[in-house]
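Working through the structure, step by step
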Amino acid sequence: MAELTLRAVEKHFGAVQAVKAVDLDVADGEFVVLVGPSGCGKSTLLRMIAGLEEISSGDILLNGRSLNAVAPRDRDMAMVFQDYALYPHMTVAENLGFALKMRDLSASGIDRKVREVARILELDALLQRKPRALSGGQRQRVALGRALIRDPKVFLFDEPLSNLDAKLRVGMRMEIRKLQASLRTTSIYVTHDQIEAMTMADRIVVLKGGEVQQIGTPTEIYQRPVNSFVATFIGSPPMTLASAALSGDGDRITLDFGRGQSLAIPQERAHALKKAGGASAQVGLRAEHVELESGAQSRSEGDVFVSDVVLVEEHGADAIAVVRLGDHEVLARVRPGAVRAGDKARRFRVDTGAMHLFHAGTGQSVV
Ligand SMILES: Nc1ncnc2c1ncn2[C@@H]1O[C@H](COP(=O)(O)OP(=O)(O)O)[C@@H](O)[C@H]1O
Ligand SMILES: [Mg+2]
């Protein structure tokens, strides 16, 4: 059982504040992913949890007990690094067994555990090899095995898949998730890759500039981002932002995107925007909010705009078209082959109820 709690955790490196007042509760058995752009403080936060980095202020607790004065080796956490950190002169078996040598285990006891972990990670045939004779994926498996064999209270992962090629990465992220689901070991996983965060996490923590932007399940973060940073960081293809001026009043309020293009928005959303203040807004459109208008679907004109097709990316099952809305390029999800680059004056319908609206100044979501 391992519940991890962070209370107002901060880290300063001289004048640089790498982590700012982070509060986080990780439940027993939960898989939490810290995600954000490079330099946002993910590794620093993870290293403070591991005890490899001192905290400047705040508290880190495991099952309610402060870890602040507990040495890294006494925290019962196992960390997996991006660069694997294997001992080059040791075989796979020796690398796996090393952590157990410090414990009071017989040689045969260590051997049994090494074989058990090697079986789980399909390293049986590689036990006598040295790391240099392994592929990147195999090395990463050994690194995982070294964490696994210690049977720790908490797993900490720092971008463990970054050095693998795209296909291996997809395979390994599923394996890590399956392994964690069967062990139910509390895990904190750091990545800059929002797809890894979306696919692996029970809950995601989005960080920017050392500060937590939002904590939630992948669906919550995707569907209800609190600000335009989270909105554009999470999701693939990324959400596009288009600035628009509010005009009209009473029953019909429109968002004007420039070049004579505008969309009418539902009344309650218009009121929320007006209440939030400002004469303009950032409109966040995901590709699935913009679809090709087929005559039969046409209801009102207020949610349709006309654009040439700038570019099309075919994805097999669907295609993403780049189109122009006022001064902005936005993405539309269409059926494969439905449009071509260079098509003139195609009609696109926007889901104006589902599209996101952000305050032009603060970037905060306006519901
Ligand atoms: N030992 C250190 N000394 C000074 N600054 C550091 C040190 N480690 C990290 N930083 C700074 O702290 C910030 C966060 O770094 P880091 O936690 O490594 O980010 P991430 O893992 O999200 O890429 C960065 O601005 C980085 O330059
Ligand atoms: Mg890092």
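In this text, all values refer to a predicted model and were calculated from it rather than measured experimentally. (Residues numbered from 1 in each chain as written. Chains lettered and ligands numbered in written order. Predicted model: local features only at pLDDT ≥ 70, side-chain atom pairs only at ≥ 80, totals over all residues. Heavy atoms only, no water.)

**A look at the overall build of the protein chain**
Going by this rule: Helical segments are the DSSP runs of H or I of at least four residues, strand segments are the runs of E of at least two, and each set is numbered from the N terminus. Each residue is assigned to one of three classes by its accessible area relative to the maximum for its type, calculated with a 1.4 Å probe on protein chains only: buried under 20%, partly exposed between the two thresholds, exposed over 50%. In this analysis, two residues are considered to be in contact whenever any of their non-hydrogen atoms come within 4.5 Å of each other. With residues, only the protein chains shown are counted as cover, and all accessible areas are computed by Shrake-Rupley using a 1.4 Å probe.
Secondary structure summary: the protein chain contains nine helices and 21 strands in total. Each of the three principal axes of the protein chain carries a C-alpha extent, and together these read 80 × 45 × 35 Å. Split into buried and exposed, the 367 residues of the protein chain put 48% on the buried side. Residue pairs at least 24 apart in sequence account for 67% of intrachain contacts in the protein chain once pairs closer than 6 positions are excluded. Accessible area for the protein chain stands at about 17,400 Å²; split by element, carbon and sulfur atoms hold 49% of it.

**So, the site of ligand 1**
The cut-off we apply is this: Any residue with a heavy atom lying within 4 Å of a molecule or strand is counted as near it. Distance and chemistry together define a polar contact, namely a pair of N or O atoms within 3.5 Å, with one atom able to donate a hydrogen and the other to accept it when in protein, and with adjacent residues in sequence counting only for side-chain atoms on both sides.
Around ligand 1, the surrounding shell consists of Phe13, Ala18, Pro37, Ser38, Gly39, Cys40, Gly41, Lys42, Ser43 and Thr44. A distance of 3.2 Å is found between an oxygen atom of ligand 1 and a backbone nitrogen or oxygen belonging to Cys40. When the free accessible area of ligand 1 is taken as 550 Å², the share hidden by the protein chains comes to 57%. Per-element tally for the shell around ligand 1: the top contributor is helix 1 (residues 42-50), with three residues.

**Considerations on the pairing of strand 10 (residues 211-216)**
For clarity, the threshold we go by: By the convention used here, strands pair only if DSSP detects at least 2 bridges between them.
Two elements, strand 9 (residues 203-208) and strand 10, share five bridges in a ladder whose sense is antiparallel. Paired with Val206 across the strands is Gln214, a residue of strand 10. What sits between the antiparallel neighbours strand 9 and strand 10 is a turn of two residues, in which Gly209 has the positive phi angle 55°.

**Some details on the packing of aromatic side chains**
Spelled out, the test is: Here the aromatic set is Phe, Tyr and Trp, taking the six-membered ring for Trp, and pairing holds for ring centres within 6.5 Å; pairs whose planes are under 30 degrees apart are stacked, those over 60 apart are edge-to-face, and all others are tilted.
What the rule picks out here adds up to seven aromatic pairs. A centroid spacing of 5.6 Å and a plane angle of 35° characterise the contact between Phe31 and Tyr189, whose relative ring orientation is tilted. Of this pair, Phe31 sits in strand 3 (residues 31-35) while Tyr189 sits in strand 8 (residues 186-191), and the two are 158 residues apart along the sequence. A single burial state applies to Phe31 and to Tyr189, both of which are buried.

**Remarks on the UniProt feature "domain: ABC transporter" (unreviewed entry) in the protein chain**
Put simply, the rule is: UniProt positions are given in the numbering used here, feature names are shortened, and annotations may be inferred rather than shown by experiment.
The feature "domain: ABC transporter" (unreviewed entry), as annotated in UniProt, sits at residues 4-234 in this numbering. In the segment residues 4-234, helix accounts for 36% and strand for 26%; the C-alpha atoms at its two ends are 25 Å apart.

**Here we look at the side chain of Glu30**
On the secondary structure map, Glu30 appears in the loop between strand 2 (16-26) and strand 3. On the accessibility criterion, Glu30 (10% relative accessible area) is buried. Among the polar contacts listed, one links the side chain of Glu30 to the side chain of Arg203, at a separation of 2.5 Å. When residues no more than four places from it in sequence are discounted, the contact partners of Glu30 are Asp25, Gln180, Thr185, Thr186, Ser187, Asp202 and Arg203.

**A closer look at the pattern of salt bridges**
Rules: Salt bridge, as used here, is a side-chain nitrogen of Lys or Arg placed within 4 Å of a carboxyl oxygen of Asp or Glu.
Going through the model one piece at a time under the given rule, you end up with 16 salt bridges. Of the charged contacts, one joins Asp308 and Lys344 as a salt bridge, the two residues approaching to 3.9 Å between their closest N and O atoms. Within this pair, whereas Asp308 is found in the loop between strand 16 (304-307) and strand 17 (309-314), its partner Lys344 is found in the loop between strand 19 (328-334) and strand 20 (346-350), the two being separated by 36 residues in sequence. Within this structure, Glu291, Glu293, Asp303 and Arg349 form a network of salt bridges that share partners.

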